[in-house]
Amino acid sequence: MLRLPTRTLRSTFRSLSSYGKVDDKIVSLICNIVGPDNVTTSESARNLHGTDESFHPTRAPEAVVTPLSTSHVSEVMKICNSHRIPVIPFGTGTGFEGGVGALYGGVCMAMHKMTEIVEVNQSDFDATVRAGVTRHQLNDWIRADGLHFPIDPGAGASVCGMCSTSASGTNAVRYGTMRENVLNMEVVLADGTVIHTAGEGRRPKKTSCGYNLTNLFVGSEGTLGVITQATVRLHGIPEATAAAISSFDSVQNAVDTVVMILQCGLPLARIEFLNSDMISACNKFSNLQLKEAPTLFLEFIGSPSGVEEQAMLAEELCVGNGGENFSWATEHSEREQLWKARHNCWYAVKATYPGKHAYSTDVVVPVSHLPETVVFCHELAGEMGVPAPIVGHVGDGNFHCFLLSNQDDETETLRIKDFSRKLALKAQSFGGSCTGEHGIGLGKRELLIEEVGTGAFETMKIVKKSLDPLLIMNPGKVIDLDHLL
Ligand SMILES: Cc1cc2c(cc1C)N(C[C@H](O)[C@H](O)[C@H](O)COP(=O)(O)OP(=O)(O)OC[C@H]1O[C@@H](n3cnc4c(N)ncnc43)[C@H](O)[C@@H]1O)c1[nH]c(=O)[nH]c(=O)c1N2
Ligand SMILES: CCCCCCC(=O)C(=O)O
Ligand SMILES: [Mn+2]
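Rules and cut-offs
Residues numbered from 1 in each chain as written. Chains lettered and ligands numbered in written order. Predicted model: local features only at pLDDT ≥ 70, side-chain atom pairs only at ≥ 80, totals over all residues. Heavy atoms only, no water. Helix = DSSP H or I, 4+ residues; strand = E, 2+ residues; numbered from the N terminus. Contact = heavy atoms within 4.5 Å. Pairing = 2+ DSSP bridges. Axes fitted to C-alpha atoms, helices over the stretch in contact; angles between N-to-C directions. Phe/Tyr/Trp six-rings, centres within 6.5 Å; stacked < 30°, edge-to-face > 60°. Buried < 20%, exposed > 50% of the residue type's maximum accessible area, 1.4 Å probe, protein only. Donors = N, O, S within 2.8 Å, 3.2 Å for Na, K, Ca; no water. Near = heavy atom within 4 Å. Polar contact = N/O pair within 3.5 Å; in protein donor to acceptor, adjacent residues only side chain to side chain. Areas by Shrake-Rupley, 256 points an atom, 1.4 Å probe, with all protein chains shown as cover. Nonpolar A, V, L, I, M, F, W, Y, C, P; charged D, E, K, R; others polar.

**Overview of the side chain of Ser420**
Relative to the helices and strands, Ser420 resides in helix α16 (residues 410–429). Leaving out residues up to four positions away in the same chain, Ser420 has contacts with Tyr359, Thr361 and Leu403.

Shown next as structure tokens:
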């Protein structure tokens, strides 16, 4: 099934241009599989599918293919593999690290037409979806059964795209990330082979059955195969929910409170930190009237009395650290407004600086190092003269700092890259990571090597070359081609 190349990769790829071109012959071969309505070389479609939310320059693929089934994906992969044509999977294009850019041309495999919710097992708390299903679509489908899929990147991402970046969001402190919530995946490998990472039809909540292929493909960012189906955990919608807000006079006091709340074992559903620049952007964009100060947004779930008890304990801890204006709400509309504003932070800050290109850092540290890392970020931004709205999933030790550049201004772009690198190195020095949820993509390839070290990096290269010997799967992402040739 999988073969290592007989010649060395270096001689196979004498130059990067040795990738095959998507010429008329290839388009017609693909057309024979998916039908003419499901392949296009139009400029607008190509540009759209080479773009995500990142500030990395757009790189359009040569063609966009929209498969309708796993066998379509498999047959197209066979053609691409035999002509050594790059394939770049595309979910909904909401990624932050340039993952969908076609650096070496090739075919974009756009999954949005595979929209079937294959099954929902209400009493087993799991669902299986095809690659085009978004998290919103899944939640709309299962709500009436009293269930939800809690992983919530702010955008309406596809569930399989979320598998591929190991996404999380505001609920991870309670429910975990995609890594803890994916039970099985169907994946089409570079040569067209179809596998099920946990075995076909399997959906056990735990397993000791061999190597964990599921978690190999979670976070693989389209570089090891195309995820065509995912089986994910679902959770019951809690009986009662309350949201709370408290503002502080310093970043340090706000983040110290987070550590205390976690140390008390309060079973929070969400705890998010926003600095004053971020609150200011949210007030304008989402029509809130919050005090422009370091602020915590919290959410508690459980029984009505349990929620009240949690809110009172949280209030005590906030007030003990100088927290002001502690207020909490159980009303659905009030909670919705708050979390909608939180999910729109990215758009709120973008609207504050029109015309600029935006980049979001994504460091994560052990929570005991969170206060000094957030303060470091604040001070570094001050020293470097970089405006720095900050928002974070602080219950996991993960936060984002929003950076801006005028893409034509090289000095500005270098400055934010420098800032981002310094912050990532600081997080790594505390035993943390350069990325908690956005992935490596293009921007963090060197940081990946520093983070995992030579031995683990060499092992990653072996995995990549074994599964994709001709390096056609999303080439240049996660691992620079120079390291693979
Ligand atoms: C406003 C806002 C807010 C947030 C976020 C975005 C935006 C716009 N995100 C980022 C983003 O939503 C997240 O990275 C998603 O997992 C991307 O899913 P897409 O379907 O859009 O993948 P997209 O199409 O962007 O692709 C991302 C990567 O996955 C690969 N890929 C996509 N589908 C694949 C498939 N079927 N098989 C194999 N590879 C595939 C692509 O090749 C690419 O490398 C985020 N994220 C987060 O973790 N936490 C957060 O809090 C937020 N918040
Ligand atoms: C500083 C704003 C960056 C937000 C990036 C999107 C994201 O992950 C989120 O949590 O929101
Ligand atoms: Mn986030």
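Still more to cover.
**Description of the sheet that holds strand β18 (residues 398–405)**
Read across the open sheet, the seven strands follow the order β15-β12-β14-β13-β17-β18-β16; overall the sheet is antiparallel. For this open sheet the edge positions go to β15 (324–329) and β16 (357–360), each flanked by a neighbour on one side alone. Between one strand axis and the next, the sheet turns by 15 degrees as a mean value, whatever way the strands run. The pairing of β16 with β18 spans four bridges and is antiparallel. By the bridge assignment, His357 is partnered in β18 with Ser405. The strands touched by helix α11 (residues 276–286) within the sheet are β13 (268–274), β14 (295–302) and β17 (390–393), with β13 carrying the most contacts at an inclination of about 100 degrees.

**Examining the packing of aromatic side chains**
Taken as a whole and assessed by the stated rule, the structure comprises five aromatic pairs. Ring geometry for Phe55 and Tyr359: centres 4.9 Å apart, planes at 40 degrees, overall tilted. Of this pair, Phe55 sits in the loop between α3 (43–48) and β2 (63–65) while Tyr359 is found in strand β16, placing the two residues 304 residues apart along the sequence. The buried category is assigned to Phe55, whose relative accessible area is 6%. A relative accessible area of 5% places Tyr359 in the buried class. Geometrically, the ring pair formed by Phe297 and Trp339 is edge-to-face, given 6.1 Å between the ring centres and 85 degrees between the ring planes. With Phe297 in strand β14 and Trp339 in helix α13 (residues 332–343), this pair connects stretches of sequence that are 42 residues apart.

**Here we look at the coordination of the manganese ion (ligand 3)**
Reference values for coordination geometry: four tetrahedral donors around a metal ideally subtend 109.5 degrees, six octahedral donors ideally subtend 90 or 180 degrees. Protein coordination of the manganese ion (ligand 3) is provided by His393 (NE2), His400 (NE2) and Glu437 (OE), with donor distances spanning 1.9 to 2.2 Å. We note that the donor set of the manganese ion (ligand 3) lies within a single chain, spaced as H-x6-H-x36-E. A residue pair is termed long-range when its members are at least 10 positions apart, and His393 in strand β17 and Glu437 in the loop between α16 and α17 (445–467) qualify at 44 residues.

**Digging into the site of ligand 1**
Close to ligand 1 lie 36 residues; Pro89, Thr92, Thr94, Ser158 and Ser164 are nearest. Within the contact set of ligand 1, an oxygen atom lies 3.4 Å away from a side-chain nitrogen or oxygen of His393. One of the side-chain N or O atoms of Glu437 is found 2.9 Å from a nitrogen atom in ligand 1. Within the complex, 97% of the 970 Å² of free accessible area of ligand 1 lies under protein. Going through the elements one at a time, β3 (87–90), α6 (159–165), β10 (226–233) and α14 (345–352) are the ones with two or more residues in the shell around ligand 1. A per-element tally of the shell around ligand 1 places α6 first, with five residues. Taken together, the residues of the shell around ligand 1 break down into 15 nonpolar, 18 polar and three charged.

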